[in-house]
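Take a look at the letters that make up each chain.
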Amino acid sequence: MAAPTAPTAPARVPRRPPVGIRRQLPASPWLFAAPGLLVTGAFVLYPFVSTLVNSFTDRRTLLPGRFVGLANFRELLHDDMFWTGLRNSTLYVLVVVPALVVLPLLLALLVQKNIPGITFFRSAFYTPVVASIVVVGLIWVWLLDERGLINSLLESVGIGRVGFLSDQWLLLLSAMAVTVWKGLGYYMIIYLAALANVPRELHEAAAVDGAGPVRRFLSVTVPAVRSTMVLVAALSSVAAFKVFSEVYLMAGPAGGPAGEDTTLVMLVQRTGTGLTGRVGYASALSVVVFVVTVALMLLVLRADRREES
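*Asks:* Before we move on, can you summarise the overall build of the protein with the specific residues and values?
*Replies:* Helix and strand content of the protein: 14 helices and zero strands. Put simply, the protein runs from its N terminus to its C terminus through helices and strands in the order α-α-α-α-α-α-α-α-α-α-α-α-α-α. The proportion of buried residues among the 309 residues of the protein is 35%. Pairs at least 24 residues apart make up 68% of the contacts formed inside the protein by residues separated by at least 6 positions. For the protein, the accessible surface area stands at approximately 19,300 Å², while carbon and sulfur atoms represent 68% of it.

Laid out in structure tokens, this is it:
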């Protein structure tokens, strides 16, 4: 006689939500995303579309504009100040970006070790990042002025005063130094996060093979953080090409001696503001800045892909 089998539990049928709730579910994600979409539309999408439309008009600050086609862009080709701003912005990228790719990495390697007091140095290096750019600019203007601290020290040792803020190229180089100094801590934190993911075994194996510190840096550290270096290069390229505050604070609204230190973003500000500001022409300048910025990003990414292949 067969043994009795235990009764099986009936299969549980998942309960379906009421019809009214099911109809409300697809709309709920849009309700959560609505605040972010509204902010993005009001402060990103609308200004972008408005600038693009104004670039094809002759609009001024207090006057409505009329459609002029590509007249603003044709005028750019014959504007000496535009070429001066493009030269200075490009030079800014060529000098600042390599410094912000290499120096923060070396600084991250320096503060990576857990030794007594290292937290203080990490905080000290990061302090310029959280400081206001206006405060930083005014401090450096005071240091680099003709009667500032640095010139006083140079004069005391017999070198003489240097026109950091009056010479065209020295002013631009001084602004570049401020940009690098202020960005070191920010990119240092990014590199610290990348270095924390590098396996210690790779360095130990390289040391066993007889590789010195420089060789381990080039053969182990750099390949391990190469993607982070590309990210830093892309971020610093965009920031350097759109530089405004450092040069504006150190050179003044006129852009330094005879306006020779004007960058493209400074030219946009000077052209498009004021009661008689040429909003249409400034919008065309802004479109050029946007296109060049996107081209820089694509150039960095393409170079990274070519390096990988």
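This is not the end of the story, as more comes after the structure.
*Asks:* Please give an account of the packing of helix α6 (residues 133-144) against helix α7 (residues 149-156) that cites residues and values.
*Replies:* At a closest axis distance of 4 Å, the pairing of α6 and α7 adopts a crossing angle of 25 degrees. In this view, α6 runs roughly parallel relative to α7, as classed from their interaxial angle. Contacts between α6 and α7 involve W142, L143 and L144 from the former and L149, I150 and N151 from the latter. Within the contact of α6 with α7, the residues separate by chemical class into five nonpolar, one polar and no charged.

*Asks:* Can you break down helix α11 (residues 226-241) residue by residue, with the values?
*Replies:* With 16 residues, α11 ought to run about 22 Å at 1.5 Å a step, and its terminal C-alpha atoms sit 22 Å apart, in line with that. Taken together, the buried positions of α11 are T228, M229, V230, V232, A233, A234, S236, S237, V238, A240 and F241.

*Asks:* For the pattern of salt bridges, give the residues involved together with the corresponding values.
*Replies:* Here the structure, examined in full by the defined rule, presents four salt bridges. Here R66 and D58 are joined by a salt bridge, their closest N and O atoms 3.3 Å apart. On the basis of relative accessibility, which here comes to 56%, the residue R66 falls in the exposed class.

*Asks:* How would you sum up the packing of helix α5 (residues 118-130) against helix α8 (residues 168-195)? Please name residues and give values.
*Replies:* In the contact formed by α5 and α8, the axes pass within 6 Å of each other and the chain directions differ by 125 degrees. Classified by the angle their axes make, α5 and α8 are oblique. Every pair of crossing elements has a handedness; the one defined by α5 and α8 is left-handed. When α5 is examined against α8, the residues R122, F125, Y126, P128 and V129 are found in contact with a partner set consisting of W181, K182, G185, Y186, M188, I189 and L192. Within the contact of α5 with α8, the residues separate by chemical class into nine nonpolar, one polar and two charged.

*Asks:* Which residues make up the nonpolar core, and what values go with them?
*Replies:* The nonpolar side chains of a soluble globular protein tend to be buried, and buried together. Counting 61 residues, the largest nonpolar core has L76 and Y92 as its most contacted members. Breaking this core down by element, the ones donating at least two residues are α3 (71-76), α4 (80-111), α6, α8, α11, α12 (245-251), α13 (264-272) and α14 (279-308). No other element matches α8, which puts 14 residues into this core. Setting aside anything within four residues of it in sequence, one finds L76 in contact with F82, W83, Y281, A284, L285 and V288.

*Asks:* Give me the lowdown on the side chain of N151, citing residues and values where you can.
*Replies:* In this fold, N151 is placed in helix α7. A distance of 2.7 Å separates the side chain of N151 from the backbone oxygen of D145, its partner in a polar contact. Residues within four places of N151 in sequence aside, it is in contact with L143, L144, D145, E146, G160, R161, V162 and F164.

*Asks:* So what about a nonpolar patch on the surface? Which residues, and what values?
*Replies:* On the surface, L45, F48, V49, L52, V53, F290, V291, V294, L298 and L301 cluster together to form a nonpolar patch covering roughly 850 Å² of accessible area. Of all the elements in the fold, those that place two or more residues in the nonpolar patch are α2 (28-54) and α14. With respect to the element layout, L301 can be found in helix α14.

*Asks:* Give a detailed account of the confidence of the model for the protein, specifying residues and quantitative values.
*Replies:* Residues with a pLDDT of 70 or more make up 88% of the protein, whose mean pLDDT is 85. When mean pLDDT is compared element by element in the protein, α3 scores highest at 94, while helix α1 (residues 19-24) scores lowest at 50.

Basis of the calculations
- Residues numbered from 1 in each chain as written.
- Predicted model: local features only at pLDDT ≥ 70, side-chain atom pairs only at ≥ 80, totals over all residues.
- Heavy atoms only, no water.
- Helix = DSSP H or I, 4+ residues; strand = E, 2+ residues; numbered from the N terminus.
- Buried < 20%, exposed > 50% of the residue type's maximum accessible area, 1.4 Å probe, protein only.
- Contact = heavy atoms within 4.5 Å.
- Areas by Shrake-Rupley, 256 points an atom, 1.4 Å probe, with all protein chains shown as cover.
- Axes fitted to C-alpha atoms, helices over the stretch in contact; angles between N-to-C directions.
- Parallel < 35°, antiparallel > 145°, perpendicular 65-115°, else oblique.
- Nonpolar A, V, L, I, M, F, W, Y, C, P; charged D, E, K, R; others polar.
- Expected span 1.5 Å × (residues − 1).
- Salt bridge = Lys/Arg side-chain N within 4 Å of Asp/Glu carboxyl O.
- Left-handed = near helix turned anticlockwise from the far one by under 90°.
- Core = buried A, V, L, I, M, F, W, Y, C linked by side-chain atoms within 4.5 Å.
- Polar contact = N/O pair within 3.5 Å; in protein donor to acceptor, adjacent residues only side chain to side chain.
- Patch = residues over 30% accessible without salt bridge, like charges linked within 9 Å, V, L, I, M, F, W, Y side chains within 5 Å.
- pLDDT = per-residue confidence, 0-100.

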